[in-house]
Amino acid sequence: MEGFVMEDYVFHRDFSKSYPIITHGSGVYLYDKDGKRYLDGCSGAVAANLGHGIEEIADAMAGQAKKSAFVHTLRFETEVLHSLSKKIASIAPEGLDRVYFTSGGSEANESAIKLARQIHRDRGKAEKHIVIGRWQSYHGNTFGSLSAGGDIKRRHVYTPNLLDFEHIYSPNCLRCPYQRSLDECSRNQNPSCVQSLERLILELGPENVSAFIAEPIVGSQLGAVLPPEEYFQRVRVICDRYDVLLIIDEVMTGFGRTGSHFAIDHYGAIPDIITFGKGVAAGYAPLAGMIVHEDIVEGLLKHSKGKFMHGYTYSGHPVSVAAGLAVLQIYERENLCEKARMAGSYLYEKLKELQGEVPIIYDIRGKGLLLGVEIAADAAGTPFPPEAAASERINELAMEHGAVFYPGSGTIDGMRGDHLIISPPLTINQEEIDELIHSLRRALHDFITEMMGVVLNEASK
Ligand SMILES: Cc1ncc(COP(=O)(O)O)c(C=O)c1O
């Protein structure tokens, strides 16, 4: 069929696209079979936090595969499982000491939602089952995690299948969904984005509400939008008031990405459950999971005979866990939290310079090496029309210029608006950041030329 790529056997993510075939990776670069090099400006999908081709991790995985590639956690455990759990607990916030593994972030969030429900039920609060998530947040693509998330485009096709989860708006001070100004909020103990949580819990009946789930920094949906400084402390108070468990989704933000082990560390609140994924094995193996507070584990021992009614075949897969252990050792040895902070501020500075030169960069935000660039048609933030698929197109042009970013759309209201997430491996150096900015500059100039027929200052290209 014309316009589709059909000459192979792959069920492609998008049959209208042709994908470069990657043969290998090294450091921050990926190489395709024609020898073209791409600077990985988004660590794949904010996962490959150490870059590519690290033999030490491959060796750890091979070593484990040779010793015992698979055991089922219903019957057996492995030493690597214990070592990695201990290591993760040692960097998690106080009290979060027990680690449960899954293969991906969606499964991690499913597990957290189920654990919250089981704990309430077993403690005698059988009505507690409702999960509150947030519009314009993402928690995964399985039905439970998609229902918890608030990504209108991803939910749209599956609306009839989705579960009846509730939502408030994610805070976004640049475009407050509650139409409040920063000044109003600074005068108010509990701004609207926090009040809305309490109001919804009361409306639903606290006896029915099980958990509130939130990304500490909203990744794919909003492009690294930060919460107000005290948002999570205030949310914590409300969750405690109504015995609602606080699940913080660190699938994108965990393991040094934002310059601390977990992004919630920046905001002084202790969650009941942290879910994680991506960076834990830095893309070398499918690995994710949840870190659970001791209070919940105590409840499980007291009321549930210590049994969680849940599990996956590949929970704690030894080869994935071995990858995770090698990865965490490298994060620690190379002091990558600190490096993410330093490289992040250099990248931020360079993006600010670029903003002064290219009129379609509306906003730059984020923390550490999780930065978002919002694209708009003018200085007032007017979005490009959705048909222009601005962020996708800019990324295509960037790939032509040898760099890849993580494009996103629906930034303003779930349907309109565009952003790019810029989240290179935490190991990136200044020269490579300069190269990344150069490719982005060229892509933005090309896009402007395409959209507006304007060639901006050829000399700067
Ligand atoms: C915050 C967040 N949660 C959950 C997920 C889902 O993770 P996975 O794709 O590994 O299932 C993602 C993936 O992008 C994510 O960014």
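Now for a look at the structure at hand. (Residues numbered from 1 in each chain as written. Predicted model: local features only at pLDDT ≥ 70, side-chain atom pairs only at ≥ 80, totals over all residues. Heavy atoms only, no water.)

## What about the site of the ligand?
Part 1 of the argument: As a matter of local geometry, the ligand sits amid Gly104, Gly105, Ser106, Asn109, Tyr138, His139, Gly140, Glu215, Asp249, Val251, Met252 and Lys278.
Part 2 of the argument: Contacts to the ligand include glycine 105, whose backbone N or O atom sits 2.8 Å from an oxygen atom.
Part 3 of the argument: In this structure, an oxygen atom belonging to the ligand sits 2.9 Å away from a side-chain N or O atom of lysine 278.
Part 4 of the argument: When isolated, the ligand has an accessible area of 390 Å², and the protein chains bury 83% of it. (Near = heavy atom within 4 Å. Polar contact = N/O pair within 3.5 Å; in protein donor to acceptor, adjacent residues only side chain to side chain. Areas by Shrake-Rupley, 256 points an atom, 1.4 Å probe, with all protein chains shown as cover.)

## Some words on unusual backbone geometry
Part 1 of the argument: Here the phi dihedral of aspartate 243 falls at roughly 50°; this positive angle occurs in a residue that is not glycine.
Part 2 of the argument: Locating aspartate 243 in the fold gives a position in the loop between helix 9 (231–241) and strand 8 (245–249).
Part 3 of the argument: On the basis of relative accessible area, aspartate 243 is assigned to the partly exposed category, the value being 24%.
Part 4 of the argument: Its identity as a non-glycine residue notwithstanding, alanine 389 has a phi of 40°, on the positive side.
Part 5 of the argument: Take alanine 389: its relative accessible area is 33%, and that puts it in the partly exposed class. (Helix = DSSP H or I, 4+ residues; strand = E, 2+ residues; numbered from the N terminus. Buried < 20%, exposed > 50% of the residue type's maximum accessible area, 1.4 Å probe, protein only.)

## Some thoughts on a nonpolar patch on the surface
Part 1 of the argument: On the surface, Met1, Phe4 and Met6 cluster together to form a nonpolar patch covering roughly 380 Å² of accessible area.
Part 2 of the argument: The topology assignment puts phenylalanine 4 in the segment before strand 1 (22–26). (Patch = residues over 30% accessible without salt bridge, like charges linked within 9 Å, V, L, I, M, F, W, Y side chains within 5 Å. Salt bridge = Lys/Arg side-chain N within 4 Å of Asp/Glu carboxyl O.)

## Structural notes on the side chain of aspartate 272
Part 1 of the argument: Looking at the element boundaries, aspartate 272 is found in the loop between strand 8 and strand 9 (273–276).
Part 2 of the argument: A polar atom in the side chain of aspartate 272 sits 3.0 Å from the side chain of arginine 236.
Part 3 of the argument: Among all residues touching aspartate 272, those that are not within four sequence positions of it are Leu96, Arg236, Val244, Leu245, Leu246, Ile291, Val292, His293 and Ile296. (Contact = heavy atoms within 4.5 Å.)

## Side note on the sheet that holds strand 3 (residues 37–40)
Part 1 of the argument: Pairing in this open sheet of 4 strands is mixed, and the strands run 1-2-3-13 from one edge to the other. The outermost strands of the open sheet, each flanked by one partner alone, are strand 1 and strand 13 (403–404). (Pairing = 2+ DSSP bridges.)

In short, the description is geometric, and any link to function would need to be established separately.
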